[in-house]
Amino acid sequence: MAKDYYKILGIEKNASDEEIKKAYRRLAHKYHPDKKEGDAEKFKEINQAYQILSNKEKRAQYDQFGDSFNQDQGGFRSSGFGQGFPGFDFGGGQDGFEFNFGGSNFGDVFEDVFSAFTGTRGSSNKRRGRDIGVDLEITFEEMANGANKEIELFKKIKCDQCQGSGAKSKTDLKECETCKGVGEIKSQRRTILGTFVTKTTCKECQGKGKIPKEKCPKCKGEGLIKDKVKIKVTVPGGIKSGQTLSVDSAGEPGENGGPAGDLYVTIHVKDHPEFERRGDNIWHTVKIPFSTATLGDKIKIPTLKDPIKIKIPAGTSSGKIFRLRGEGIKKLRGYGRGDLMIKIQITAPKKLTRKQKSLIKELQEEGL
Ligand SMILES: [Zn+2]
Ligand SMILES: [Zn+2]
């Protein structure tokens, strides 16, 4: 379902930055999970809307494309047009980047937002898993037709030896002394939205309330291990370089029953030696000699599938464009495809044999 971020914030499409901020503050205040009318889902939605609309670039993208990205792309919520979040900490690595939620780049608001994501009220030791960002390079053809890709990445997954408990033996647990088994510690925080009593996860037991007498040897008590995983991603045809797909819950696992993070896949389209993209159309320039242009002939041209032959009529001039309908790029929005545009370029030979030269001279004398 497409989300109307303007509607979510209760503002007009032409709202000013100031109006967006005001609306956001009012609503975030109202629906903050620590408030009487608090609603974590709504709060998350409001924040999503704000993240997009408060960013000039993202707002423009959203206005242009909406998030109606996922027609006929079963399976994935692809609402993220370039929806990388601001201020993420790209801790680079060969196997993809990791977003760091709650990093120092985040303002108070966002820290607050994300701490609110960590679960329902009263159980803030539930922690949402981290989001992961990766880059995915695709071919021009995959971009044009859409593709099912498999991404391999290293990420934290639940330790299979202890089932995520972190304990060597399940029965071998003792109550955490720091939090008295509650798993969280209450503290007051001041944000621009006001003062909130927030519960922070107990660092001693990571919110579990219990500590293993002996730690799981495989994960060293963390409950998570890093491993290589394969994740399927449906790339919609017509996607552009730099656009980001999101795969729900394919990030790192949550803690203490919290939801998993999401995976953000930023697409990079490789250049094509023959084709150039212009909107939904593909452009290809074909070079033909003067004689072909003059007398007409069938010439071979590349398409997204196999090469085909098209007829060049006699008397074709340089710059002439032939349009092959529906042979272009799959439309990201709506149905159908763009066209394949074939541009004719007549080339003059640089070197001529003696015979060729005398023949051309004859043509010249004939006024050609
Ligand atoms: Zn383990
Ligand atoms: Zn504790």
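In this report, we go over the structure that sits alongside the text. What you see is a predicted model; the values in this text were computed from it and never measured. (Residues numbered from 1 in each chain as written. Chains lettered and ligands numbered in written order. Predicted model: local features only at pLDDT ≥ 70, side-chain atom pairs only at ≥ 80, totals over all residues. Heavy atoms only, no water.)

Examining the environment of H29
For step 1, the next point in the chain: Its place among the elements puts H29 in helix α2 (residues 17–31).
For step 2, the next point in the chain: Sequence separation of H29 and F43 is 14 residues, and the distance between their C-alpha atoms is 8.9 Å.
For step 3, the next point in the chain: Sequence-distant contacts of H29, defined by excluding residues within four places in its chain, comprise K35 and L193. (Helix = DSSP H or I, 4+ residues; strand = E, 2+ residues; numbered from the N terminus. Contact = heavy atoms within 4.5 Å.)

Some details on the side chain of K155
For step 1, the next point in the chain: In this structure, K155 sits in strand β3 (residues 147–158).
For step 2, the next point in the chain: With no salt bridge to any partner, buried K155 finds its closest opposite charge in E252, at an N-O distance of 7.7 Å.
For step 3, the next point in the chain: A polar atom in the side chain of K155 sits 3.0 Å from the backbone oxygen of A250.
For step 4, the next point in the chain: Contact partners of K155, with chain neighbours within four places excluded, come to I132, I225, K226, D227, V229, I231, A250, G251 and E252. (Buried < 20%, exposed > 50% of the residue type's maximum accessible area, 1.4 Å probe, protein only. Lys, Arg positive; Asp, Glu negative; His and termini not counted. Salt bridge = Lys/Arg side-chain N within 4 Å of Asp/Glu carboxyl O. Polar contact = N/O pair within 3.5 Å; in protein donor to acceptor, adjacent residues only side chain to side chain.)

Focus: the coordination of the zinc ion (ligand 2)
For step 1, the next point in the chain: Looking at the zinc ion (ligand 2), the protein donor atoms are C176 (SG), C179 (SG), C202 (SG) and C205 (SG), and they sit 2.2 to 2.3 Å from it.
For step 2, the next point in the chain: Taken together, the four donor atoms coordinating the zinc ion (ligand 2) and their angles of 105 to 114 degrees define a geometry best described as tetrahedral.
For step 3, the next point in the chain: Mapped onto the sequence, the residues coordinating the zinc ion (ligand 2) show the spacing C-x2-C-x22-C-x2-C. Pair noted here: C179 is in the loop between β4 (173–175) and β5 (184–191) and C202 is in the loop between β6 (194–201) and β7 (210–212), with a separation of 23 residues, a long-range link. C202 carries the same exposure label as C179, and that label is buried. (Donors = N, O, S within 2.8 Å, 3.2 Å for Na, K, Ca; no water. Tetrahedral: all angles 85-135°; square planar, octahedral: opposite > 155°, others 65-115°.)

A word on the pattern of salt bridges
Side chains carrying opposite charge are able to pair once their charged atoms draw close together.
For step 1, the next point in the chain: This model, assessed by the stated rule, comprises 16 salt bridges.
For step 2, the next point in the chain: A salt bridge links E276 to R278, with the shortest nitrogen-to-oxygen separation between them at 3.3 Å.
For step 3, the next point in the chain: What makes R278 partly exposed here is its relative accessible area of 41%.
For step 4, the next point in the chain: In this structure, E327 and K305 form a salt bridge, with 3.7 Å as the shortest nitrogen-oxygen distance. Pair noted here: E327 is in the loop between β15 (321–324) and β16 (340–347) and K305 is in the loop between β13 (297–301) and β14 (308–312), with a separation of 22 residues, a long-range link.
For step 5, the next point in the chain: The class for K305 is exposed, based on a relative accessible area of 64%.
For step 6, the next point in the chain: Within the structure, one salt-bridge network assembled from shared partners comprises R128, D131 and D262.

A word on the sheet that holds β15
For step 1, the next point in the chain: Read across the sheet, four strands follow the order β11-β12-β16-β15 without closing on themselves; strand pairing throughout is mixed. At either margin of the open sheet sits one strand with a lone partner, and together these are β11 (276–278) and β15. Within this sheet the neighbouring strands show an average axis-to-axis angle of 30 degrees, counted without direction.
For step 2, the next point in the chain: In terms of strand pairing, β11 meets strand β12 (residues 281–289) through three bridges, oriented antiparallel. Across the sheet, R278 pairs through a bridge with N281, a residue of β12. (Pairing = 2+ DSSP bridges. Axes fitted to C-alpha atoms, helices over the stretch in contact; angles between N-to-C directions.)

What about helix α8 (residues 354–365)?
For step 1, the next point in the chain: Counted at 1.5 Å a residue, the expected span for α8 with its twelve residues is 16 Å, and the 17 Å between its end C-alpha atoms agrees.
For step 2, the next point in the chain: G367 sits one or two residues past α8 and shows a positive phi near 90 degrees. (Expected span 1.5 Å × (residues − 1).)

Notes on the coordination of the zinc ion (ligand 1)
For step 1, the next point in the chain: The zinc ion (ligand 1) binds to the protein through C159 (SG), C162 (SG), C216 (SG) and C219 (SG); the donor distances cover 2.3 Å.
For step 2, the next point in the chain: One way to put it: the four donor atoms around the zinc ion (ligand 1) meet at angles of 104 to 115 degrees, and that makes the site tetrahedral.
For step 3, the next point in the chain: Counting residues between consecutive donors of the zinc ion (ligand 1) along the chain gives the motif C-x2-C-x53-C-x2-C. Placement of C159 in the loop between β3 and β4 and of C219 in the loop between β7 and β8 (224–235) is noted, with a sequence separation of 60 residues between them. Residues C159 and C219 agree in their burial class; the two are buried.

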